[in-house]
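One letter stands for each residue in the lines below.
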Amino acid sequence: MLSRLEEIACATTEKWGGAVLEFNGEADHVHLLLELTPRTAPSAFVNNLKTVTSRLIRKEFGDHLQRYYWRKPVFWSRSYCIITVGGAPLSVLKQYIEQQESPE
């Protein structure tokens, strides 16, 4: 599921004129290192990314996900965190994301 989520995130980001530089996830969240155009509104992008990934992942993995839903079949929470990293080397950021524990 995580691999498919990465594929969808990469395709969606490309449609917005950006690129996924690094991707990894844990059981309850994902980390994405993105390169986006200055004209891209981060909130609009995240909203679209969550909408597209939720729709496709729920369609493709619905049976598996069904046991994790409490009330409604909601894939993402409404929250997200965006951090800009003006001076940090990309290698440090990529290393941080790579070292996140992948779910089993």
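Residues numbered from 1 in each chain as written. Predicted model: local features only at pLDDT ≥ 70, side-chain atom pairs only at ≥ 80, totals over all residues. Heavy atoms only, no water.

Under an unreviewed UniProt entry, the protein chain has the name REP element-mobilizing transposase RayT and belongs to Tepidiphilus thermophilus.

**Considering the nonpolar core**
Ranked by size, the top nonpolar core spans eleven residues in total: Leu5, Ile8, Ala9, Val20, Phe23, Phe45, Val46, Leu49, Val52, Ile57 and Leu65. At the level of elements, helix H1 (2–15), strand E1 (19–25) and helix H2 (42–60) are the ones that each hand at least two residues to this core. A per-element tally of this core places H2 first, with five residues. When neighbours within four sequence positions are excluded, Leu65 is seen to be in contact with Met1, Ile57, Arg58 and Phe75. (Core = buried A, V, L, I, M, F, W, Y, C linked by side-chain atoms within 4.5 Å. Buried < 20%, exposed > 50% of the residue type's maximum accessible area, 1.4 Å probe, protein only. Helix = DSSP H or I, 4+ residues; strand = E, 2+ residues; numbered from the N terminus. Contact = heavy atoms within 4.5 Å.)

**Regarding the environment of Asn48**
Among the secondary structure elements, Asn48 is positioned in helix H2. For Asn48, a relative accessible area of 26% puts it in the partly exposed group. Distance in space between the C-alpha atoms of Asn48 and Trp16 is 9.8 Å, their sequence separation being 32 residues. If we skip the residues at most four places from it in the chain, Asn48 touches Thr12 and Trp16.

**Focus: the packing of aromatic side chains**
What the rule picks out here adds up to one aromatic pair. Aromatic side chains Trp16 and Phe45 sit 5.5 Å apart centroid to centroid with 85° between the ring planes, which places their arrangement in the edge-to-face category. One end of the pair, Trp16, is in the loop between H1 and E1; the other, Phe45, is in helix H2, and 29 residues separate them in sequence. Using a relative accessible area of 30% as the deciding quantity, one classes Trp16 as partly exposed. Accessibility expressed as a relative area gives 1% for Phe45, which makes it buried. (Phe/Tyr/Trp six-rings, centres within 6.5 Å; stacked < 30°, edge-to-face > 60°.)

**With respect to the environment of Thr13**
If you trace the backbone, Thr13 turns up in helix H1. Distance in space between the C-alpha atoms of Thr13 and Gly25 is 17 Å, their sequence separation being twelve residues. Here Thr13 is in contact with Gly18, Ala19, Val20, Leu34, Leu36 and Phe45, once residues within four sequence places are set aside.

**Considerations on the pairing of strand E2 (residues 30–35)**
Strand direction decides the pairing type here: E1 and E2, joined by six bridges, are antiparallel. Looking at E2, one finds that Phe23 is bridged to Leu32. Hairpin connection of E1 to E2: four residues between the antiparallel strands. (Pairing = 2+ DSSP bridges.)

**Notes on the pattern of salt bridges**
Applying the stated criterion across every chain yields a total of two salt bridges. As a salt-bridge pair, Arg4 and Glu7 come within 3.2 Å of each other at their nearest N and O atoms. Pair noted here: Arg4 and Glu7 are both in helix H1, with a separation of three residues, about one helical turn. Taking the relative accessible area as the measure of exposure, Arg4 reaches 26% and is therefore partly exposed. Taking the relative accessible area as the measure of exposure, Glu7 reaches 47% and is therefore partly exposed. With its nearest N and O atoms 2.8 Å apart, the salt bridge here joins Arg4 to Glu60. Linking Arg4 in helix H1 with Glu60 in helix H2, this pair joins segments that are 56 residues apart in sequence. Three or more residues are tied together by salt bridges with common partners; here these are Arg4, Glu7 and Glu60. (Salt bridge = Lys/Arg side-chain N within 4 Å of Asp/Glu carboxyl O.)

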